[in-house]
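This is what each chain is made of:
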Amino acid sequence: MGRKGSPRSPQAEGGSRAASPPSPLWALPEELLLLICSYLDAQALGRLGQVCRRLRFLSSRDLLWRRIARGCLNSGFTQLGTDLLMPWMELDGEYLYLSQAENIQAYRLCAGSTGLQCHPQAIFSGHQEDVCRFVLVNSHIVSGGGDGNIVLHKIRGSYSAKFSAHEQEVNCVDFQGGLIVSGSRDRTAKVWSLSAGRVGQCLHTVQTEDRVWSIAISPLLSSFVTGTACCGHTSPLRIWDLESSQLLTCLGTDFHRGAGVLDVFYETPSLLLSCGYDTYIRYWDIRTSTRKCVQEWEEPHDSALYCIRSDKNHMIASGSSYYGVVRLWDKRQTQCLQSFHLSSPTSSPVYCLRFSTTHLYAALASALHVLDFTAP
């Protein structure tokens, strides 16, 4: 009687089982696999990790979960409005003034929230091209535009004045003590009178030999600083006497060619902040040295800095040229305190930043973003 034998394996028969062909999925580069996974939500990523060890390793990458984690955090930022082009803004009590193309619009801030009223309370016009910069001082708005003109408005009233200022765009303006200073792409900075009977009269013209991107009058009303494109061999930061327009001093000695200064901000008559294309925030104390800044912070992603603002205490906010990155800095630390990405996936510079006691406002090309400091 024959014994019932156990089934013989294919190998025992002299054959071999064909190996399964590798999945075409693994022929893709890892960067592409991560991009595909980035479209999955948290639940789908979790299920993907249960398929096999290789997919579990891929789906557990920090790069994928960091995006999901950010969406679960309350950053305090909200988004308001669209299509601001290249905006500039100022805060004045209960109102936010925002430039949109050739107009400046005043919006009332909604009490107890981060929002603005849907419709502007007032619109200030006068430019034939986009407003580049404007300032709000003593119930007056002074703006410079792409048409080369300077326009003056009185907020509460119908008074306005307009005069031809530069041959090219007026990139920056400031207004203090009855005087306007302006800087232009035409490589000049000018001082203008607003005295009775002399409105729009040019008192001085400064040949900067370079395009002027930023300008600010000292709180002492004795001088003003210009930030230029740094296309030559002269420092892009120079301080001029307001009465005589003579050069008083140059700040810094180690600027590289092209390290243009895009924003300057006086905290006090002797303390000055600057930023620009070379990715650095610099803190100057004119009392101690004009050759070297007393402190500096570098944008970690090698991005130009379009604007800065401080609370005149410990905190500085900066806006970068890519993906709407706003960073908060503590002067007592060397590294960035916190950062916010406001325009991903569409890249936009942060054109302007402003503080109030409870909010930070960031103007991008696509929207106005608000950081609520009171948010939990």
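Structural notes, computed from the coordinates. Everything numeric here is computed off the predicted structure, so don't read it as measured data.

**Describing the overall build of the protein chain**
Next, step 1: Regarding its fold elements, the protein chain presents four helices and 28 strands.
Next, step 2: For the protein chain, buried positions account for 48% of its 376 residues.
Next, step 3: The contacts of the protein chain with a sequence gap of at least 6 include a subset with a gap of at least 24, amounting to 42%.
Next, step 4: Surface exposure of the protein chain reaches about 19800 Å², of which carbon and sulfur atoms provide 50%.

**Re the environment of Val206**
Next, step 1: In this structure, Val206 sits in strand S13 (residues 201-207).
Next, step 2: Leaving out residues up to four positions away in the same chain, Val206 has contacts with Arg187, Thr188, Ala189, Phe224, Trp240 and Ser245.

**Quick word on helix H1 (residues 30-37)**
Next, step 1: Among all positions in H1, only Leu33, Leu34 and Cys37 are buried. The buried side chains of H1 occupy one side of the element, clustering within an arc of 100° when seen end-on.

**Some points on the sheet that holds strand S16 (residues 237-241)**
In a beta sheet, neighbouring strands pair by backbone hydrogen bonds and run either parallel or antiparallel.
Next, step 1: In spatial order, the strands read S14-S15-S16-S17; together these four strands make up an open sheet with antiparallel pairing. Edge strands, defined here as strands with exactly one partner in the open sheet, are strand S14 (212-217) and strand S17 (247-251). Recorded for the sheet is a direction-independent mean angle of 20° between the axes of neighbouring strands.
Next, step 2: By the bridge criterion, five bridges tie S14 to strand S15 (residues 223-228) in an arrangement that is antiparallel. By the bridge assignment, Ala216 is partnered in S15 with Val225.

**Digging into the sheet that holds strand S6 (residues 131-137)**
Next, step 1: A sheet is described by the order of its strands in space; here four strands give the open sequence S6-S7-S8-S9, paired in antiparallel fashion. With one partner strand each, in any of the chains shown, S6 and strand S9 (160-164) form the two edges of the open sheet. Direction aside, the axes of adjacent strands within the sheet are offset by 15° on average.
Next, step 2: In terms of strand pairing, strand S8 (residues 149-154) meets S9 through five bridges, oriented antiparallel. Of the residues in S9, the one forming a bridge with Leu152 is Ala161.

**With respect to the side chain of Thr279**
Next, step 1: On the secondary structure map, Thr279 appears in the loop between strand S19 (271-276) and strand S20 (280-285).
Next, step 2: Residues within four places of Thr279 in sequence aside, it is in contact with Trp297, Glu298, Glu299, Asp302, Ser303, Ala304 and Leu305.

**Comments concerning unusual backbone geometry**
Backbone geometry follows two general trends: most residues other than glycine have a negative phi, and most peptide bonds adopt the trans configuration.
Next, step 1: In this model, Asp302 sits at a positive phi of 55°, which is unusual for a non-glycine residue.
Next, step 2: Relative to the elements of secondary structure, Asp302 occurs in the loop between strand S21 (295-298) and strand S22 (305-310).
Next, step 3: A positive phi angle is found at Tyr323, which is not glycine, with a value near 55°.
Next, step 4: Within the secondary structure layout, Tyr323 lies in the loop between strand S23 (315-320) and strand S24 (325-330).
Next, step 5: A residue is classified by how much of its surface remains accessible, and Tyr323, at 39% relative accessible area, is partly exposed.

**As for the packing of aromatic side chains**
Next, step 1: Counted according to the given criterion, the structure contains seven aromatic pairs.
Next, step 2: When the ring of Tyr97 is compared with that of Phe124, the centres are 6.3 Å apart and the planes differ by 40°; the resulting orientation is tilted. Linking Tyr97 in strand S3 (residues 95-100) with Phe124 in strand S5 (residues 122-124), this pair joins segments that are 27 residues apart in sequence.
Next, step 3: For Tyr97, a relative accessible area of 2% puts it in the buried group.
Next, step 4: On the basis of relative accessible area, Phe124 is assigned to the buried category, the value being 9%.
Next, step 5: An aromatic cluster is built from Tyr95, Tyr97 and Phe124, whose rings are joined through pairwise contacts.
Next, step 6: Sitting over the face of the ring of Trp88, Arg133 holds its NZ or CZ atom 3.9 Å from the ring centroid.

**Describing the nonpolar core**
Next, step 1: In terms of nonpolar packing, the biggest core is built from 22 residues, with Met89, Leu96, Tyr97 and Ile141 touching the most fellow members.
Next, step 2: Of all elements in the fold, only S3, strand S4 (103-108), S6, strand S27 (359-364) and strand S28 (368-372) reach the threshold of two or more residues within this core.
Next, step 3: Sorting elements by how many residues they give to this core places S3 first, with four residues.
Next, step 4: When sequence neighbours within four positions are dropped, the list of residues in contact with Leu96 reads Met89, Glu90, Leu91, Gln105, Ala106, Tyr107, Leu109, Leu116, Tyr361 and Leu368.

Cut-offs applied
- Residues numbered from 1 in each chain as written.
- Predicted model: local features only at pLDDT ≥ 70, side-chain atom pairs only at ≥ 80, totals over all residues.
- Heavy atoms only, no water.
- Helix = DSSP H or I, 4+ residues; strand = E, 2+ residues; numbered from the N terminus.
- Buried < 20%, exposed > 50% of the residue type's maximum accessible area, 1.4 Å probe, protein only.
- Contact = heavy atoms within 4.5 Å.
- Areas by Shrake-Rupley, 256 points an atom, 1.4 Å probe, with all protein chains shown as cover.
- Arc of directions from axis to C-beta.
- Pairing = 2+ DSSP bridges.
- Axes fitted to C-alpha atoms, helices over the stretch in contact; angles between N-to-C directions.
- Phe/Tyr/Trp six-rings, centres within 6.5 Å; stacked < 30°, edge-to-face > 60°.
- Lys NZ or Arg CZ within 6 Å of the ring centre and 35° of its normal.
- Core = buried A, V, L, I, M, F, W, Y, C linked by side-chain atoms within 4.5 Å.

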